[in-house]
Amino acid sequence: MSVNVPEILDVWRMVAARRSFEGRVPLSSLTRVQDLLFDTEGEVDFALQFDSDPLLKVAYAELRIDAALPLACQRSLRRFLLPVHVVQRLGLIRDEADEAALPPDYEALLVPEDGMLRPLDLVEDELVLAVPAVPVDPESDAVDREWPIPEQELAKASPFAALGSLKKN
């Protein structure tokens, strides 16, 4: 992790001071996202800014992430890079009941009682959410959706053809 980003932060002090941090972290250090990746080559750039909205009286952390995640294409089973650009405004709440008071463009972040938060946990959470359930390289060839029926199958008589002749009588 970059030198100017502490491993753990006091959220409420960061909001009061209106602090911001920028960092870069290797994918290999993000343990929860590793299982979703093809490999752990690459880095994640992130920025975290703490502030409060004076009109809405909401403390927030704005998280920006830029990364290229190496994934396995489910069509070709080859490695490809998924570009990820996330900008997320997290409304800092002390209790789950406070979530309803957040504006619609804020995502709730429940801050622990001690107010301490790990910035890398936020980054890793957003990266896990950014990985699609079925990763597909947009440049891979599409699978032909029409499966032609072989001539042999068409030539076979239907097992219900005999019933059709009974119905006519």
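A brief structural summary. (Residues numbered from 1 in each chain as written. Predicted model: local features only at pLDDT ≥ 70, side-chain atom pairs only at ≥ 80, totals over all residues. Heavy atoms only, no water.)

1. Side note on the nonpolar core
Piece 1. The biggest cluster of nonpolar side chains holds 37 residues, and the ones touching the most others in it are L30, V44, F50, I65, L69, L92 and L127.
Piece 2. Sorting the residues of this core by element identifies α1 (11-17), β2 (20-26), β3 (43-53), β4 (58-72), β5 (79-93) and α3 (119-130) as the ones contributing at least two each.
Piece 3. Ranked by residue count, the leading element in this core is β4, at seven residues.
Piece 4. Contact partners of L69, with chain neighbours within four places excluded, come to L27, L37, F80, L81, L82, V84, L127 and V131.
Piece 5. One finds V58, Y60, L102 and Y106 within the second-largest nonpolar core, a separate group that totals five residues. (Core = buried A, V, L, I, M, F, W, Y, C linked by side-chain atoms within 4.5 Å. Buried < 20%, exposed > 50% of the residue type's maximum accessible area, 1.4 Å probe, protein only. Helix = DSSP H or I, 4+ residues; strand = E, 2+ residues; numbered from the N terminus. Contact = heavy atoms within 4.5 Å.)

2. Focus: a negative patch on the surface
Piece 1. Residues D95, E96, D98, E99 and E107 make up a contiguous surface patch of negative charge.
Piece 2. Assignment of secondary structure puts E107 in strand β6 (residues 107-110).
Piece 3. Relative accessible area serves as the criterion here: at 43%, E107 is assigned to the partly exposed category. (Patch = residues over 30% accessible without salt bridge, like charges linked within 9 Å, V, L, I, M, F, W, Y side chains within 5 Å. Areas by Shrake-Rupley, 256 points an atom, 1.4 Å probe, with all protein chains shown as cover. Salt bridge = Lys/Arg side-chain N within 4 Å of Asp/Glu carboxyl O. Lys, Arg positive; Asp, Glu negative; His and termini not counted. Charge placed at Lys NZ, Arg CZ, Asp CG, Glu CD.)

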